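# Structural features, examined
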Amino acid sequence: MRSSSSPIVLSALLSLGLLSSAQGAAAEVVPHKALYDLTLLRANSVRGVEDVKGRIAFEGGGSACEGYTATFRQVLRMSGSEMETRLTDVRSTTFEEPGGRNFRFVIDKFLNGKEDGRAEGRTVTGNSGSVVRIAKPKANEVALPADVSFPTHHTKALIEAAKAGTATHTTKTYDGSDDGRAIYETTAVIGNAIYADVAADAADAAMVKPMSGMARWPMVISY
């Protein structure tokens, strides 16, 4: 995966390959880990950035009965002949209640090894709808649309759309980005199902083998 986006929790354009265990079964997300190496595809010379290297580490756990946990870390080193090297580190921990009813998050940011801020908040759902109660960096409340999805339930909705043969899927999502203030309008373009075996090195064979023969769909999601 290559990204030229700023160091935020969600990249502006993300390519995904989503998996489904059975064509007729309801979508479920199992505990998993993923690593992505990041490099600069192209740069705007006005900003002085000439090289970017980094990595994203993601781990998801939980179940439909217990709710879903996720940890995310994105580290980027940006450099250029006319700028000082800049190392950014974004770490987030989230929890989604069963059924996608409520969500809470903690996002820590570091710049060149020093703390650069924390965002912390949780949603509360009542008769009049859902709001995000932000505790940090500044106490605030943000109203959420009735049709908003949190990250894991957004992923499940994408799998269901792919299984149904839908070419595009549009919805609002919320993950605590921008100090808890951002609500994203997302559009996913979904490719045709792929059933070919997943190629793997010998070291990964045991881990990848259970996915062989499972349906997967290439997707591009804009935020």
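What comes next is a walk through the structure. By convention here, each chain's residues receive numbers from 1 onward along its written sequence. Given that the model is predicted, a residue must reach a pLDDT of at least 70 before its local features are reported, and side-chain atom pairs must reach 80 or more before they are shown or counted; all residues, however, enter totals for whole chains, interfaces and linings. Calculated side-chain values reflect all of the structure's heavy atoms, with hydrogen atoms and water omitted.

## Concerning the overall build of the chain
A run of H or I in DSSP becomes a helix once it reaches four residues, and a run of E becomes a strand once it reaches two; helices and strands are each numbered from the N terminus. Per the secondary structure count, the chain includes two helices and 13 strands. In the chain, which comprises 223 residues, the share counted as buried stands at 35%. Throughout, exposure labels follow a simple rule: accessible area from a 1.4 Å probe, protein chains only, divided by the maximum for the residue type, with under 20% read as buried, over 50% as exposed, and the rest as partly exposed.

## Comments concerning the pattern of salt bridges
In the sections that follow, a salt bridge refers to a side-chain nitrogen of Lys or Arg positioned within 4 Å of a carboxyl oxygen of Asp or Glu. Summed over the entire model, instances satisfying the criterion amount to 12 salt bridges. Among the ionic pairs, Asp89 bridges to Arg91, the shortest N-O distance being 2.9 Å. A salt bridge links Arg133 to Glu141, with the nearest nitrogen and oxygen atoms 3.4 Å apart. Where salt bridges share partners, they join Lys109, Asp178, Asp179 and Arg181 into one cluster.

## With respect to the packing of aromatic side chains
Pairing of aromatic rings covers Phe, Tyr and Trp, the last counted by its six-membered ring, and requires centre-to-centre distances within 6.5 Å; plane angles under 30 degrees mean stacked, over 60 mean edge-to-face, and any other angle means tilted. Enumeration over the complete set of coordinates arrives at six aromatic pairs. A centroid spacing of 6.2 Å and a plane angle of 25° characterise the contact between Phe103 and Phe105, whose relative ring orientation is stacked. For the pair Phe103 and Phe105, one class covers both residues: buried. With relative accessibility at 2%, the residue Phe103 sits in the buried group. Through successive ring pairs, a cluster of aromatic residues spans Phe103, Phe105, Phe150 and Tyr174. Note that Arg91 overlies the ring of Phe110, its terminal NZ or CZ placed 4.4 Å from the centroid. Only when the NZ of Lys or the CZ of Arg is both within 6 Å of the ring centre and within 35 degrees of the ring normal is a charge said to sit over the ring.

## Quick word on the nonpolar core
We call a set of buried residues a nonpolar core when its members are Ala, Val, Leu, Ile, Met, Phe, Trp, Tyr or Cys and they connect through side-chain atoms within 4.5 Å of each other. Judged by nonpolar contacts, Val90, Phe103, Phe105, Ile107, Ala119, Val132, Ile134, Val142, Leu144, Val148, Phe150 and Tyr174 together constitute the single largest core of 12 residues. For this core, the secondary-structure elements that each account for two or more residues are strand E6 (103-111), strand E8 (129-136) and strand E9 (140-144). Broken down by element, the residue count for this core peaks at three residues, all from E6. Here, two residues are considered to be in contact whenever any of their heavy atoms come within 4.5 Å of each other. Beyond its immediate sequence surroundings of up to four residues, Val132 is in contact with Phe105, Arg122, Thr123, Asn140, Glu141, Val142, Leu144 and Tyr174.

## Focus: empty space enclosed by the protein
Unfilled space is identified by rolling a water-sized probe across the atoms. Throughout, the protein atoms alone are placed on a 1 Å grid, and a set of points is a cavity if a 1.4 Å probe fits but cannot get out or a pocket if it is open with protein on both sides within 12 Å along at least five of seven lines; lining residues have an atom within 4 Å of a point. Grid points are joined across faces, edges and corners, and a volume is the space filled by probe spheres set on the points. Counted by the stated rule, this structure contains one cavity of 30 Å³ or more. Here the largest cavity is characterised by a volume of approximately 30 Å³. Taken together, Phe95, Glu97, Asn102, Phe103, Arg104, Arg122 and Thr123 form the lining of the largest cavity. Elements with a minimum of two residues in the lining of the largest cavity: E6 and strand E7 (114-126). Residue polarity is assigned by list, with Asp, Glu, Lys and Arg as charged and Ala, Val, Leu, Ile, Met, Phe, Trp, Tyr, Cys and Pro as nonpolar; anything else, Gly included, falls into the polar class. Looking at the lining of the largest cavity residue by residue, the class counts come to two nonpolar, two polar and three charged.

So yeah, pure geometry; function would need other evidence.
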